[in-house]
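Now for the letters of each chain:
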Amino acid sequence: MGIDWRNAIWPDDRVRRFLHLLLLLYFLKQIFIAFTMPAFTGHDEVAHFQYIRTVATEYRLPIIPDLEFWRENREQDGPKTGGDFFDIDLYPYANYVLDWFTYQPDEALYERYVNEPIHAVTFPDFVNDIRSQSWPSGWQYAANHPPLYYVIAAPLYRATDWMSLENQMLVLRLIAIPFGALAVAGTWLMARYLFPASGFLAVTASTIVAFQPQVSYEAAMINNDILVIGLGTLLLALLLRGMRFGFPRRLVVAIGLLFGLMLLSKGSAIVFALPIALMMIAGIGPRRIRMWAPKGLAVAGIGFLAAAPWYLFLYRTYGNFSGLDQIADLQMMHTYQQGTDPPDIWNDLIWNERFAVMRWNETWGEFGWRLMPLKSNLLWVIGVPFVVCLIGFLAWSVRLMVRRRPAGVRGTIANPETWQRWAVGGLFLTCLLGYAAVIQFGMRFQLTQARYFFPMLPAAIVLVMIGLHTLVPRRARSYAQVAVVAGMLALNIYIFAAYVLPYWYARADSPIL
């Protein structure tokens, strides 16, 4: 029996048909973003490009410089000793790189240094521990990232090595788009597995992920964030499928492999370990230890075995499993080691208006290293509907806890089965752990960002759309679906018309005019 191509491309199921149209529009939008943003303006895009180049041309992984070795040997061996540094041809983009110091505002000084980039600096305005020492500049600070994304990109780098630097970068940006599409499709699957009868949830949640401006930006730049976002969304979808149908052997193997690939994509993927364990236990049954224990061990074994070579490399190279100690030494001016007190976890991070506003701004805008902060009124326009939906989700949760199970159709959002309640709890836990990881990073570094939460963002969107479903009467839900789709389209058009395009193409001091 052959494949029914007509149904595969244009299915009879309207919700699936919507997903196909959404993905088509998504790919077109992402190509537009990739070609609209100027070269190497994505956050850390220079560092990710250099990592790909190292893998593709030298067949090895880059190394974070050892600070003490660099200080002891730089006079004899040069300022690029002891580890990896960015290549000279990338220096024109030093303004978009963390701690690659440049005299670009002064044309005379820039011409002097363009062929001999700055690779050693001092900081006379800092406290003694920093002021009295020299520091490397333009070092490869992405070297502690796992290698999967860069290995995937390396063949395309070699195939396009004949192109100009800027054109090659544009082609490499396109690698991110399929992983962004995976996040969209994965969100759709999450909604369908969780509440199969609710087309509303699948349509609205997948639309918001597809048109979430900053996630879309990640999926059009050279970076490894979107890889773990896409894989993480698919992992959560498979966990929900397991909670619904059980965890057969093939699904256990698939979850283990996905977890391993996530660990090879970004170190923060370790956060998913606890939701995997708890959702498997809840799905199989807490008392059925003889079933969930071996399956859980299989997932952990497959995942960590797949990532073992990377962790072995980290330990042999840096003496730890993250390389963050070396990063902290080299970025002391961005940590809390230079004489300033570390933040108070409650007053400065969790319950702090400035911290929350910055994270909300980074969630919806900025487009690079905090290049385009959104105005307060737009943040409120975005925030108020989400707060209302969150209130709806909390009301839904409280109602389930205080009311008896209503009569009627089981397995719906209004009347979920036990496994669905546990599944929603698992998604909520995933979101809490993701935000805790953002907080934890902010306890050590001043560079914590909202995008560290993005692998959990699809789960959060599914939850708030449950809240919207709860608040909207049944007869009005079709209109609410249209409103969500139209609202996200309008938001994207407005942000690009009012922020992105004017910033890059209409300013008198635009770097590309």
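The present account deals with the structure reproduced in this document. Computed from a prediction, not measured in an experiment: that's the story for all the values here.

Attention now moves to the side chain of Thr 54. Here Thr 54 shows up in helix H3 (residues 45-58). Beyond its immediate sequence surroundings of up to four residues, Thr 54 is in contact with Tyr 59, Arg 60, Leu 61, Pro 62 and Asp 84.

Taking 1.5 Å per residue as the helical rise, helix H15 (residues 289-318) with its 30 residues ought to reach 44 Å, whereas the 38 Å between its terminal C-alpha atoms falls clearly short. The largest bend along H15 reaches roughly 50 degrees and is located at Ala 308, with the proline Pro 309 sitting one to four residues downstream. Here H15 has its buried residues at Val 299, Gly 303, Ala 307, Trp 310, Tyr 311, Leu 314 and Tyr 318. At its buried positions, H15 is contacted by H3, helix H13 (249-263), helix H14 (273-284) and helix H16 (324-330). A positive phi of about 80 degrees marks Gly 319, the residue just after H15.

Turning our attention to the pattern of salt bridges. Counted under the stated rule, the structure contains ten salt bridges. Across the pair Asp 44 and Arg 451 runs a salt bridge, and its minimum N-O distance is 3.2 Å. Of this pair, Asp 44 sits in the loop between helix H2 (14-36) and H3 while Arg 451 sits in the loop between helix H20 (418-442) and helix H21 (457-471), and the two are 407 residues apart along the sequence. The exposure class assigned to Asp 44 is buried, which follows from its relative accessible area of 16%. With a closest N to O distance of 2.9 Å, Asp 89 and Arg 53 form a salt bridge. Taken together, the residues Asp 89 in the loop between helix H4 (67-77) and helix H5 (107-113) and Arg 53 in helix H3 connect sequence positions 36 residues apart. Residue classification places Asp 89 among the partly exposed positions, given a relative accessible area of 36%. Exposure remark for Arg 53: the relative accessible area of 10% places this residue in the buried category. Several salt bridges share partner residues, and in doing so they unite Asp 44, Asp 225, Lys 266 and Arg 451 into one network.

Before going further, it helps to examine the nonpolar core. In terms of nonpolar packing, the biggest core is built from 158 residues, with Leu 194 and Ile 466 touching the most fellow members. At twelve residues, the largest contribution of residues to this core is made by helix H12 (residues 225-245). For Ile 466, the contacting residues outside a window of four places in its chain are Leu 194, Phe 195, Leu 201, Phe 393, Trp 396, Ile 413 and Val 424.

What follows concerns the side chain of Thr 41. Mapped onto the fold, Thr 41 is located in the loop between H2 and H3. You can call Thr 41 buried: its relative accessible area is 3%. When near neighbours in sequence (up to four residues on either side) are disregarded, Thr 41 contacts Tyr 96, Arg 173, Tyr 217, Gly 368, Leu 371 and Trp 504.

How each quantity is defined
Residues numbered from 1 in each chain as written. Predicted model: local features only at pLDDT ≥ 70, side-chain atom pairs only at ≥ 80, totals over all residues. Heavy atoms only, no water. Helix = DSSP H or I, 4+ residues; strand = E, 2+ residues; numbered from the N terminus. Contact = heavy atoms within 4.5 Å. Expected span 1.5 Å × (residues − 1). Bend = angle between axes of the 7 residues up to and from the residue. Buried < 20%, exposed > 50% of the residue type's maximum accessible area, 1.4 Å probe, protein only. Salt bridge = Lys/Arg side-chain N within 4 Å of Asp/Glu carboxyl O. Core = buried A, V, L, I, M, F, W, Y, C linked by side-chain atoms within 4.5 Å.

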